[in-house]
Amino acid sequence: MQTTPFLSYVHATEMENSCSVEMSESVMRFVETSPLLGNQEFDLTLSWQNVTVSVKRKKSAPKLTTTWLKSQFIWKKTEHAAILDNVSGNIRSGNLIAVMGSSGCGKTSLLAAVSKRIKGKVSGKILLCDRPVDGSLLTKISGFVPQKDIAIETLTTKEHLQFMSWMRLDRELCSNTRSMWIQTLFSDLNLVGCEDTPISALSGGERRRLSLAVELLTDPPLLFCDEPTTGLDTYNASTVVEKLRVLASRGKAVLCSIHQPPSDILSCFHKIILLAAGKVAFQGTLTQAHTFFSSQGLVCPLSYNPAEFYIQQLSIVPGKEDESLQRIHCICEAFSTSNQDEYLQLSMPHIQAARNSITEISNDFQKYVTMRKIHWHTQAYWLTWRSIVDSRRNKSGHSVQVAVFLVVSVMLTLCFMNTEVGTQSWIQNIRGLLYLIISEVFFTSAYVVFNTFPREIPVFLIESGLYSASAYYFSKMVTLIPRTVIEPLIFLGIIFVLVDFVRRDIIMYLTMAVPVVLVANSATAYVPIDLISLIMAGIFYNIRALPASIIWLKYLSQFYYSNEALAVLHWQEVGQIRCSNDTSLPCLENGQEILDEYGFETENLFKDLTALAIFYIVLHFVGFLSVWRRSKKSAAY
């Protein structure tokens, strides 16, 4: 097999790097044979100049002059607080750079800002090979590994990568190529043997390497990693950083934030960037860092971890805030006026030389620019597939919910099963039972949504750029339908078999099941107007007796439509009812009188069923708009 110049360069570079790991033969074969994912040797520089990131926050009221109760009613002014303040720097292909600093110094914000993934007020210039670059291109040619490994944990690693390959890669890429690339990533990132392991069972290091594999699916020349070693032991942290070093040796530019790495891990980085209070305190090699801090009278002892020493000098010590801020200010000012910072600002020969490659974007970045997303229906298919797999494997949670549902049905049956049909007491029991059936089905279906969306919203926000919000929401609707049809049918079936309704044949059961199933599905588009819905259900009073000023509220109640429909379906079948021997008690002689007592009308049956269907469509549309709006406002990292 003939070796390409780029592979020769990789071999030579890896032999020089002490932290390098030999590139697998499968990767070399794939680089040469894949028409889309073959690695290329890019010569690019990503630079950022005077980047400022600020967030809006409310000014807090003085504690000595304002009580808590008063502070809740007074108008609060807002202010913009700077997270990053005029930060400049750059990263070149072939370099692995660490962004370090104390907690809250702006490490994650810097990565999000220079990768154009932050959604906030950002000023300054982001340049790719000395040319302004828009967020669309930058997100296509870069990968971002978040600090938190957020994924559907019931999926296996292979299933997760398979799903991501469909969401990230060109829609025309054949399945064989996708499978080959996935297997290559497993081999190259030491994940062989974990293909069939659920994500929830992976170790911390394996989860980080899996997150890295997801971003490497598109083979990006730029890679951003937010604290990839956090929570890992020394061995796993070293393994992850070594993989990042190898990626840099293959021509990628890798920028990652990291928190106080050990000395051996720190030595794997080509350069470091030190941040303090949102400003750059240093950027350069470890040797240059030692020289710079020594010039400020801050000499790192030989037995001391340099990373820990530098971060300690750039941290705000409790009780010594003023002194710490003064020291940080002096260090940042000294670096901004140093020869090293002037070199960073004025060193443009490489950028100018690489400028030709960015102008020929149609060639070098063709596979990124022309990458076509899969069609909407394919997105919906794979999202639905993932939801179904997750639902099927999350048996414990579903089993508990179904068990509770069945226990409630048995309890209702025991309470209402021994009443003689056609008596006045039977009327009272059946009316209460019909209402309880509707309310139990409604709230049980609504609680299913409560358990689903809060758990998956973080995953959706991370992945929101990969697929449309409408495809995601549609997949959740489709996934919920089997539960909101089968469970209500079982629930109603148990009650129907044991309780004496007016008729106990299959036609009556299926007829009564229609409004029950409809209200269950409409409840999945839950909107918190329970009180209005319950009051307007028409079970506590005659609906016609409501004042004209509020009677229109019944049209906002799913309980009203479902309760009226179920009542009409049952009571219109009831003929003569026996009255009590006690003439002082009221007597309802037939089903029509029962419907009249509550203001229900038989001719409203079709309208009720149609209204429940409209509730399902309209409320789900409102729910979709909320999910879509949230995806636009939340940060994509």
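**Considering helix α12 (residues 306–313)**
Residues of α12 that are buried include every one of Ala-307, Phe-309, Tyr-310, Ile-311 and Gln-313, and no others. N-capping of α12 is provided by Asn-305, with a side-chain oxygen placed 3.2 Å from the backbone N of Ala-307.

**Here we look at helix α9 (residues 234–249)**
With 16 residues, α9 extends 22 Å between its outermost C-alpha atoms, agreeing within 8% with the 22 Å of an ideal straight helix rising 1.5 Å per residue. Counting buried residues along α9, 13 of its 16 residues qualify, which places the element largely inside the surrounding structure. Of the residues trailing α9, Gly-251 is marked for its positive phi of about 105°.

**Re the sheet that holds strand β8 (residues 253–257)**
By definition, the strands of a sheet pair up through backbone hydrogen bonds, in either a parallel or an antiparallel sense. Spatially, the 6 strands line up as an open sheet ordered β6-β7-β8-β3-β9-β10, and their pairing is mixed. Unpaired on one side and paired on the other, β6 (142–145) and β10 (279–284) mark the two borders of the sheet. Here the average twist between neighbouring strands, direction ignored, is 15°. Two elements, strand β3 (residues 96–100) and β8, share 4 bridges in a ladder whose sense is parallel. Looking across to β8, one finds that Ile-97 is bridged to Leu-255.

**Some words on the nonpolar core**
Formed by 117 residues in total, the largest nonpolar core has its most connected members in Trp-48, Leu-244 and Leu-255. For Leu-244, the contacting residues outside a window of four places in its chain are Leu-96, Leu-212, Leu-223, Cys-225, Pro-228, Val-254 and Cys-256. By size, the runner-up hydrophobic cluster in this structure holds 50 residues, among which are Ile-427, Val-519, Ala-523 and Tyr-561.

**Let's talk about the confidence of the model for the chain**
Of all residues in the chain, 79% attain a pLDDT of 70 or more, and the chain-wide mean is 79. The model gives residues 1–39 a pLDDT under 50, and that stretch makes 72 contacts with residues more than four places away or in other chains. Throughout residues 346–362 the model reports pLDDT below 50, and contacts reaching past four residues in sequence, or to other chains, amount to 27 contacts.

**What about the layout of surface pockets?**
Taken as a whole, the largest pocket encloses approximately 1,200 Å³ of empty space. For the largest pocket, the lining is made up of 44 residues, of which Arg-117, Arg-168, Ile-462, Gly-465 and Leu-466 are closest to its centre. Elements represented by at least two residues in the lining of the largest pocket include exactly α5 (135–140), β6, α6 (157–168), α8 (204–216), α20 (424–463) and α26 (605–633). Broken down by element, the residue count for the lining of the largest pocket peaks at 5 residues, all from α8. Looking at the lining of the largest pocket residue by residue, the classes come out as 21 nonpolar, 10 polar and 13 charged.

**Description of a nonpolar patch on the surface**
On the surface, a cluster of nonpolar side chains totalling about 350 Å² of accessible area is made up of Ile-614, Ile-617, Val-618 and Val-622. As for its position among the elements, Val-622 is in helix α26.

**Some words on the packing of helix α24 (residues 558–571) against α26**
At a closest axis distance of 9 Å, the pairing of α24 and α26 adopts a crossing angle of 145°. For α24 against α26, the interelement crossing comes out left-handed. Facing α24, whose interface residues are Gln-558, Tyr-561, Ser-562, Glu-564, Ala-565, Val-568 and Leu-569, α26 presents Leu-605, Asp-608, Leu-609, Ala-611, Leu-612, Phe-615 and Leu-619. Broken down by class, the residue content of the contact of α24 with α26 amounts to 10 nonpolar, 2 polar and 2 charged.

**A look at the packing of aromatic side chains**
Two measures describe an aromatic ring pair: the distance that separates the ring centres and the angle between the ring planes. One pass over the structure, following the stated rule, counts 27 aromatic pairs. Ring centres of Trp-426 and Trp-571 lie 5.5 Å apart, and the angle between their planes is 75°; on these two criteria the pair is classed as edge-to-face. With Trp-426 in helix α20 and Trp-571 in helix α24, this residue pair connects regions lying 145 residues apart in the sequence. In this structure, Trp-426 and Trp-571 share a single accessibility class: buried. An aromatic cluster is defined as three or more aromatic residues linked by ring pairs; in this entry it consists of Phe-282, Phe-292, Phe-293, Tyr-304, Phe-309, Tyr-310 and Phe-335. The ring of Trp-166 has Arg-178 lying over it, and the distance from NZ or CZ to the ring centre is 4.0 Å.

**Considerations on the pairing of β8**
Within β8, 5 of the 5 residues are buried, which leaves the element mostly enclosed by the surrounding structure. Burial of the side chains of β8 extends over both faces: Ala-253, Leu-255 and Ser-257 are buried on one face and Val-254 and Cys-256 on the other. Strand direction decides the pairing type here: strand β7 (residues 222–226) and β8, joined by 5 bridges, are parallel. Directly across from Leu-222, in β8, lies its bridge partner Ala-253. A crossover connection joins β7 to the parallel β8 through α9; in handedness this β-α-β unit is right-handed.

Reading guide: rules and limits
Residues numbered from 1 in each chain as written. Predicted model: local features only at pLDDT ≥ 70, side-chain atom pairs only at ≥ 80, totals over all residues. Heavy atoms only, no water. Buried < 20%, exposed > 50% of the residue type's maximum accessible area, 1.4 Å probe, protein only. Helix = DSSP H or I, 4+ residues; strand = E, 2+ residues; numbered from the N terminus. Polar contact = N/O pair within 3.5 Å; in protein donor to acceptor, adjacent residues only side chain to side chain. Expected span 1.5 Å × (residues − 1). Pairing = 2+ DSSP bridges. Axes fitted to C-alpha atoms, helices over the stretch in contact; angles between N-to-C directions. Core = buried A, V, L, I, M, F, W, Y, C linked by side-chain atoms within 4.5 Å. Contact = heavy atoms within 4.5 Å. pLDDT = per-residue confidence, 0-100. 1 Å grid on protein atoms, 1.4 Å probe; cavity = no way out; pocket = protein on both sides within 12 Å on 5 of 7 lines; lining within 4 Å. Points joined across faces, edges and corners; volume = space filled by probe spheres on them. Nonpolar A, V, L, I, M, F, W, Y, C, P; charged D, E, K, R; others polar. Patch = residues over 30% accessible without salt bridge, like charges linked within 9 Å, V, L, I, M, F, W, Y side chains within 5 Å. Areas by Shrake-Rupley, 256 points an atom, 1.4 Å probe, with all protein chains shown as cover. Salt bridge = Lys/Arg side-chain N within 4 Å of Asp/Glu carboxyl O. Left-handed = near helix turned anticlockwise from the far one by under 90°. Phe/Tyr/Trp six-rings, centres within 6.5 Å; stacked < 30°, edge-to-face > 60°. Lys NZ or Arg CZ within 6 Å of the ring centre and 35° of its normal. Right-handed = clockwise from strand over helix to strand, strands pointing away.

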